[in-house]
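Read off the chains here:
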Amino acid sequence: MSESRSASKSSAPRASSHRALRLPRKRVPAVLSAVVAVIVSAGLVLWATAGGAVTPSTRHPATPVQSHAPAAQTDAEPFTVFSDPGDGNLWFTAANDRVGRITPEGKITLFSDPMGRLHGPDQIVSGPDGALWFTAVDGRIGRVATDGQITTIVVGEHGASPLGLAVGPDGNLWYTTSNQIGRVTPTGEHVTFGGSPAGVVLPAYITAGPDGNLWFTNLDSRIGRITPSGQITTFDATGADIAFPGDIVTGADGNLWFTSPGSNRVGRITPEGRIDSFDGAPAGAEEPSAITAGSDGNLWFTNSNDRIGRVSPDGQITTYVPGRADVRTPFGITAGPDGNVWFTSLNNNGIGFIRPSLVEAG
């Protein structure tokens, strides 16, 4: 394993108030040609056109739309992860410019911005202020209160779009965008760090680590670590057969776990930077995308071949075919407050869950 640090090797973080431009649409296939259906959200970041000017910290009243379908079907095209703000429900984003809430019983409420300034919401997390925060493709980070009130903060210049999002140990929100890592306070102040000289190349997802730092994946097959003060270290994962790492999460074992859709593997990196990976192909894993830590101590992940996967802390991988649940292309996944593992189903606009306690019993 090799380690790469910022080229400046100085003790001061490399900060910038500007964003790198996104790749033009015509270059995207060349960059991602080695991966089949790699990270839908990354595609949204690279393909989106620049949005018009928006007003920072603009508060919009919510327009709720409710569905009481017990099968949790919606017309919202849910495509990303859930988040639980502690109100007993799960929240998700949808491709039709809405943010949704689903109860454990399956009741869905969708919220939209009547002013039309909510475009392509993607990753969503529970914020430090009790609200939900999400990324959007037009250079903004949004906030939605549990009553559906929407606020937006402009963080991207020239339409640079934030992608991954996580709450840091410092109480701020951290996100990935272009070739940088950004930090935004709940009041809207933001700064970016890194760039390609620091080893930040096409960052994808980010999560809070067990060591008090933030960890992120790079599409150049590196895993990065950034301290709350902005110091960046990256680790080369190619020696562990990692290609185009995707989602990343902290496991119950105190390590970071991530997917590798380009090699059909699941990877693990210790806080010290040791990387291992586990081949999911023999178990039926195919292009794993999102990953979450389950209530059972295992990691759970989605696959493009309509399966849900499980990996134990020692690297044992099992995949499950949902069968009669009509799951097609599961993508986002998270552990719910009810102990179940919830996921979105892209190609049938559905939301489902799997009970870890019952999977071995069928």
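Please refer to the structure higher up on the page.
Per chain, residue numbering runs from 1 following the sequence as it is written. Given that this is a predicted model, residues contribute local features only at a pLDDT of at least 70 and side-chain atom pairs are listed and counted only at 80 or more, while totals for whole chains, interfaces and linings are drawn from all residues. Hydrogens are left out, water is left out, and the side-chain values use all remaining heavy atoms of the structure.

On to the overall build of the protein chain. Strands here are runs of E lasting at least two residues and helices are runs of H or I lasting at least four, both read from the DSSP assignment and numbered beginning at the N terminus. The helix and strand tally for the protein chain stands at two helices and 31 strands. In this scheme, a residue with accessible area under 20% of its type's maximum is buried, one over 50% is exposed, and one in between is partly exposed, where area comes from a 1.4 Å probe on protein chains only. The buried share of the protein chain, reckoned over its 362 residues, is 56%. Looking at the protein chain alone, contacts between residues at least 24 apart form 49% of all its contacts between residues at least 6 apart. Computed with the Shrake-Rupley method and a 1.4 Å probe, the accessible areas treat only the protein chains shown as cover for residues. Summed over its atoms, the accessible surface of the protein chain is roughly 13900 Å², and 50% of this surface lies on carbon and sulfur atoms. It only takes one pair of heavy atoms within 4.5 Å for two residues to be counted as in contact.

Stacked, tilted and edge-to-face pairs are distinguished by plane angle, under 30 degrees for stacked and over 60 for edge-to-face with tilted covering the rest, among Phe, Tyr and Trp rings (Trp via its six-membered ring) whose centres lie within 6.5 Å. Tallied over the entire structure, the rule returns six aromatic pairs. Between the aromatic rings of Trp300 and Tyr320, the centroid separation amounts to 6.0 Å while the plane-to-plane angle is 25 degrees, which identifies the pairing as stacked. A residue pair is termed long-range when its members are at least 10 positions apart, and Trp300 in strand 26 (residues 299–302) and Tyr320 in strand 28 (residues 317–320) qualify at 20 residues. As far as the burial class goes, Trp300 and Tyr320 line up, both buried. Aromatic side chains Trp342 and Phe353 sit 4.8 Å apart centroid to centroid with 40 degrees between the ring planes, which places their arrangement in the tilted category. One end of the pair, Trp342, is in strand 30 (residues 341–345); the other, Phe353, is in strand 31 (residues 350–354), with eleven residues separating them in the sequence. Residue Trp342 is classed as buried on the basis of its relative accessible area, which comes to 3%.

What follows covers the sheet that holds strand 22 (residues 256–260). Strand pairing requires that DSSP identify at least two bridges connecting the strands. Read from one edge to the other, the open sheet built from four strands follows the order 21-22-23-24, with strand pairing classed as antiparallel. The sheet is open, and its two borders are formed by strand 21 (248–250) and strand 24 (275–279), each paired with just one other strand. Taking each pair of neighbouring strands and ignoring which way they run, the sheet shows an average axis angle of 25 degrees. Pairing analysis gives five bridges linking strand 22 to strand 23 (residues 265–269), with the strands arranged antiparallel. The partner of Trp257 across the bridge, within strand 23, is Arg268. As a rule, the C-alpha atoms of each element are fitted with a line to give its axis, helices using only the stretch in contact, and angles between N-to-C directions run from 0 to 180 degrees.

For the rest of this paragraph, the subject is the sheet that holds strand 30. The three strands are arranged 29-30-31 in an open sheet whose pairing can be described as antiparallel. With partners counted over all chains shown, the strands left at the sheet margins are strand 29 (330–335) and strand 31, one partner each. Within the sheet, the average angular offset between the axes of one strand and its neighbour, ignoring direction, is 25 degrees. Direction of pairing for strand 30 relative to strand 31: antiparallel, over a ladder of five bridges. Looking at the pairing, Trp342 lines up with Phe353 of strand 31.

Another point: the environment of Thr192. Note on placement: Thr192 falls in strand 16 (residues 190–194). For the pair formed by Thr192 and Asn179, sequence separation is 13 residues and the distance between their alpha carbons is 9.7 Å.

Turning to the pattern of salt bridges, a few remarks are in order. Salt bridges are defined as contacts in which a side-chain nitrogen from Lys or Arg sits within 4 Å of a carboxyl oxygen from Asp or Glu. For the structure on display, the rule yields four salt bridges. For Arg143, the salt bridge is made with Asp129, and the minimal N-O distance between the two is 2.8 Å. With Arg143 in strand 11 (residues 140–144) and Asp129 in the loop between strand 9 (121–126) and strand 10 (132–136), the pair connects residues that are 14 residues apart, well separated along the chain. On the accessibility criterion, Asp129 (34% relative accessible area) is partly exposed. For the salt bridge of Arg140 with Asp138, the shortest nitrogen-to-oxygen distance reads 2.9 Å. Note on Asp138: relative accessible area 11%, which makes it buried. Ionic contacts of the salt-bridge type, sharing partners, join the residues Arg268, Arg274 and Asp276 into one network.

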